[in-house]
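# Secondary and tertiary structure notes
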Amino acid sequence: VPPQIMNISSDITVNEGSSVTLLCLAIGRPEPTVTWRHLSVKEGQGFVSEDEYLEISNIKRDQSGEYECSALNDVAAPDVRKVKITVNYPPYISKAKNTGVSVGQKGILSCEASAVPMAEFQWFKEDTRLATGLDGVRIENKGHISTLTFFNVSEKDYGNYTCVAMNKLGNTNASISLYGPGAVIDGVNSASRALACLWLAGTLFAHFFIKF
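This write-up is about the structure you can find in this document.

What counts and what doesn't
- Residues numbered from 1 in each chain as written.
- Predicted model: local features only at pLDDT ≥ 70, side-chain atom pairs only at ≥ 80, totals over all residues.
- Heavy atoms only, no water.
- Disulfide = S-S within 2.5 Å.
- Helix = DSSP H or I, 4+ residues; strand = E, 2+ residues; numbered from the N terminus.
- Buried < 20%, exposed > 50% of the residue type's maximum accessible area, 1.4 Å probe, protein only.
- Salt bridge = Lys/Arg side-chain N within 4 Å of Asp/Glu carboxyl O.
- Pairing = 2+ DSSP bridges.

### Quick word on the state of the cysteines
- Applying the stated criterion across every chain yields a total of 2 disulfides.
- The disulfide partner of cysteine 24 is cysteine 69, and the S-S distance across this bridge is 1.9 Å. Its S-S torsion of about -80° marks the bond between cysteine 24 and cysteine 69 as left-handed, since a negative value means left-handed. Remark: cysteine 69 occurs in strand E7 (residues 65-72) and cysteine 24 occurs in strand E3 (residues 20-27); sequence separation between them is 45 residues.
- Note that cysteine 111 is cross-linked by a disulfide to cysteine 163, the S-S spacing being 2.0 Å. Every disulfide takes its handedness from the sign of the S-S torsion; for cysteine 111 and cysteine 163 that torsion is -85°, giving left-handed. Residue cysteine 111 is found in strand E10 (residues 107-116), and its partner cysteine 163 is found in strand E15 (residues 159-167); the two are separated by 52 residues along the sequence. We note that cysteine 111, like cysteine 163, is buried.

### Let's talk about the pattern of salt bridges
- One pass over the full model with this rule turns up 4 salt bridges.
- A salt bridge links arginine 61 to glutamate 16, with the shortest nitrogen-to-oxygen separation between them at 2.9 Å. Taken as a pair, arginine 61 in the loop between strand E6 (53-56) and E7 and glutamate 16 in the loop between strand E2 (12-15) and E3 lie far apart in primary sequence, 45 residues in all.
- We note a salt bridge from arginine 37 to glutamate 68, for which the minimum N-O separation is 3.4 Å. Here glutamate 68 lies in strand E7 and arginine 37 lies in strand E4 (residues 33-38), a separation of 31 residues in the sequence.
- On the basis of relative accessible area, arginine 37 is assigned to the partly exposed category, the value being 32%.

### Thoughts on the sheet that holds strand E9 (residues 99-100)
- In spatial order, the strands read E9-E16-E15-E11-E12; together these 5 strands make up an open sheet with mixed pairing. This sheet does not close on itself; its edge strands, each paired only once, are E9 and strand E12 (128-129).
- Relative to E12, strand E11 (residues 120-125) is paired through 2 bridges, and the arrangement is antiparallel. Looking across to E12, one finds that phenylalanine 124 is bridged to arginine 129.

Function cannot be read off these values alone, since they describe shape.
Here you go:
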């Protein structure tokens, strides 16, 4: 009797650090061998379980993706089914670089964050939240990247800005500088300075996150 998968776990969404158990029940004669394989990694590196149950404790974000259950005996081709695991995790900012630009020119600050669900972004200068159309700036959020554009940079635009990335699991922020030619950033002349990443860990004012 050819192998047939009769019951398999549904797609599941969990928070990082949770424990997950997938089940795959199959029938056939001879009794089929059931194996689980993680498809979303490089060939040969998938997590394999030679059992009806696949148990993952303290699941990590890189363990998300499709898992394939295969039921095999010597009678016919294997029966194969798939289950998708989505792993939620709080945002982390992977790229935030300082930018130097002259007065009167266009300046762009960029902030990139990874998160599941996808992060929402906010920009602040000191404790003032910025919005598109105010003071000649535009904020654009596209996927993992948020940009703050100054169409006509003036002296008052120079300074430190805070990019905030948030989802339902948490939030993080980074400080990004907009500076002019010859400005000294952290004691180094900007003209000779490579673009740098500044990481800030800390708590923002509670009113930033009323929605949460």
